[in-house]
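# Geometric and topological summary
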Amino acid sequence: VNMLMFCCWAAAQSGRLDAELISQAFEFSTAWADGVVVPLRRARTWMKSNTNPARTIDTDDYSSLRYQIKDTELLSEKLQLQTLESLLANEAARNGKNEDLPMDAAANLVQYAAKSDIALGPDARQKLSLLVSSAFPVCDKKLIEQAWLG
């Protein structure tokens, strides 16, 4: 989800991203999610569905730990977003027209999908179109749908 949001936000900031920047963002996000975010989420959700399995841990302590893990998980996602933002630090500010924003976002998402080995079938295209049109509400939805076809 963070990479999807990044692709749209980056379009508004810098336009279409080059393949190298998408690669850097993808590689960082994948490693960060696998190494930090997902294990924290897994621990938090396990604790939620397995309330005090040994029945020897104080209930308040158990609950407190689960909330600390949740806070740490949210912080890890915030750090991920800040790192993704820092990747744009050396990119030029957007000079394009505002009507190009949705197409730039779509182009960024197509590159991300390719890097992620995500097939852009009809269902994926429909969901990405919804994302882009939500991020840029005044866009031409038919134009976005054409972007997925190349």
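For the structure, see preceding data.
So, here's what we can say about the structure. The structure displayed is predicted, hence computed values, not measured ones.

### Some words on the overall build of the protein
The secondary structure content of the protein amounts to six helices and zero strands. Ordered by position from the N terminus, the helices and strands of the protein form the series α-α-α-α-α-α. The C-alpha radius of gyration computed for the protein amounts to 19 Å, which surpasses the reference 15 Å derived for 150 residues by more than 25%, pointing to a less compact arrangement than a globule. Overall, the C-alpha framework of the protein stretches about 60 × 35 × 25 Å when taken along its three principal axes.

### A closer look at the packing of helix α4 (residues 101–115) against helix α5 (residues 122–135)
Here α4 crosses α5 at 140°, and the two axes come no closer than 10 Å. Between α4 and α5, the interaxial angle falls into the category oblique. Like other packed secondary-structure pairs, α4 and α5 cross with a definite hand, here right-handed. Mapping the contact onto sequence places Pro102, Ala105, Ala106 and Leu109 in α4 and Leu128, Leu131 and Val132 in α5. Of the residues that constitute the contact of α4 with α5, the class distribution is seven nonpolar, no polar and no charged.

### Some details on the side chain of Asn2
Checked against the element boundaries, Asn2 lands in helix α1 (residues 2–14). Taking the relative accessible area as the measure of exposure, Asn2 reaches 11% and is therefore buried. Within the structure, Asn2 has its side chain in polar contact with the side chain of Gln80 (distance 2.8 Å). Beyond its immediate stretch of four places on either side in the chain, Asn2 contacts Glu77, Gln80, Leu81 and Leu84.

### Considerations on the state of the cysteines
Scanning all chains against the criterion turns up zero disulfides. The closest cysteine sulfur to the non-disulfide-bonded Cys7 is located on Cys8, 6.9 Å from its own sulfur.

### Details of the pattern of salt bridges
Counted according to the given criterion, the structure contains six salt bridges. A salt bridge links Glu27 to Lys115; its shortest N-O distance comes to 3.7 Å. Linking Glu27 in helix α2 (residues 19–49) with Lys115 in helix α4, this pair joins segments that are 88 residues apart in sequence. When its relative accessible area of 32% is taken as the criterion, Lys115 is described as partly exposed. One continuous salt-bridge network, built from bridges that share partners, spans Arg41, Arg44, Glu73 and Glu77.

### Some remarks on the packing of aromatic side chains
In total, this model carries three aromatic pairs according to the counting rule given. The residue whose ring lies beneath Arg66 is Tyr67, and the NZ or CZ to ring-centre distance is 5.0 Å.

### Some thoughts on the nonpolar core
With 24 residues, the main nonpolar core has Phe6, Leu17, Val132 and Phe136 as its most contacted residues. When contributions to this core are tallied by element, the ones reaching two or more residues are α1, α2, α4 and α5. Looking at this core, the element that brings in the most residues is α1, giving six residues.

### Section: α2
Along its length, α2 shows its largest kink, about 50°, at Ala33. Within α2, the full set of buried residues consists of Leu21, Ile22, Ser23, Ala25, Phe26, Ser29, Val37, Leu40, Arg44 and Met47. Measuring from the backbone nitrogen of Glu20 back to the side-chain oxygen at the start of α2 gives 3.2 Å, which picks out Asp18 as the cap.

Reading the values: rules and limits
- Residues numbered from 1 in each chain as written.
- Predicted model: local features only at pLDDT ≥ 70, side-chain atom pairs only at ≥ 80, totals over all residues.
- Heavy atoms only, no water.
- Helix = DSSP H or I, 4+ residues; strand = E, 2+ residues; numbered from the N terminus.
- Rg over C-alpha atoms; globule rule 2.2 N^0.38 Å.
- Axes fitted to C-alpha atoms, helices over the stretch in contact; angles between N-to-C directions.
- Parallel < 35°, antiparallel > 145°, perpendicular 65-115°, else oblique.
- Left-handed = near helix turned anticlockwise from the far one by under 90°.
- Contact = heavy atoms within 4.5 Å.
- Nonpolar A, V, L, I, M, F, W, Y, C, P; charged D, E, K, R; others polar.
- Buried < 20%, exposed > 50% of the residue type's maximum accessible area, 1.4 Å probe, protein only.
- Polar contact = N/O pair within 3.5 Å; in protein donor to acceptor, adjacent residues only side chain to side chain.
- Disulfide = S-S within 2.5 Å.
- Salt bridge = Lys/Arg side-chain N within 4 Å of Asp/Glu carboxyl O.
- Phe/Tyr/Trp six-rings, centres within 6.5 Å; stacked < 30°, edge-to-face > 60°.
- Lys NZ or Arg CZ within 6 Å of the ring centre and 35° of its normal.
- Core = buried A, V, L, I, M, F, W, Y, C linked by side-chain atoms within 4.5 Å.
- Bend = angle between axes of the 7 residues up to and from the residue.

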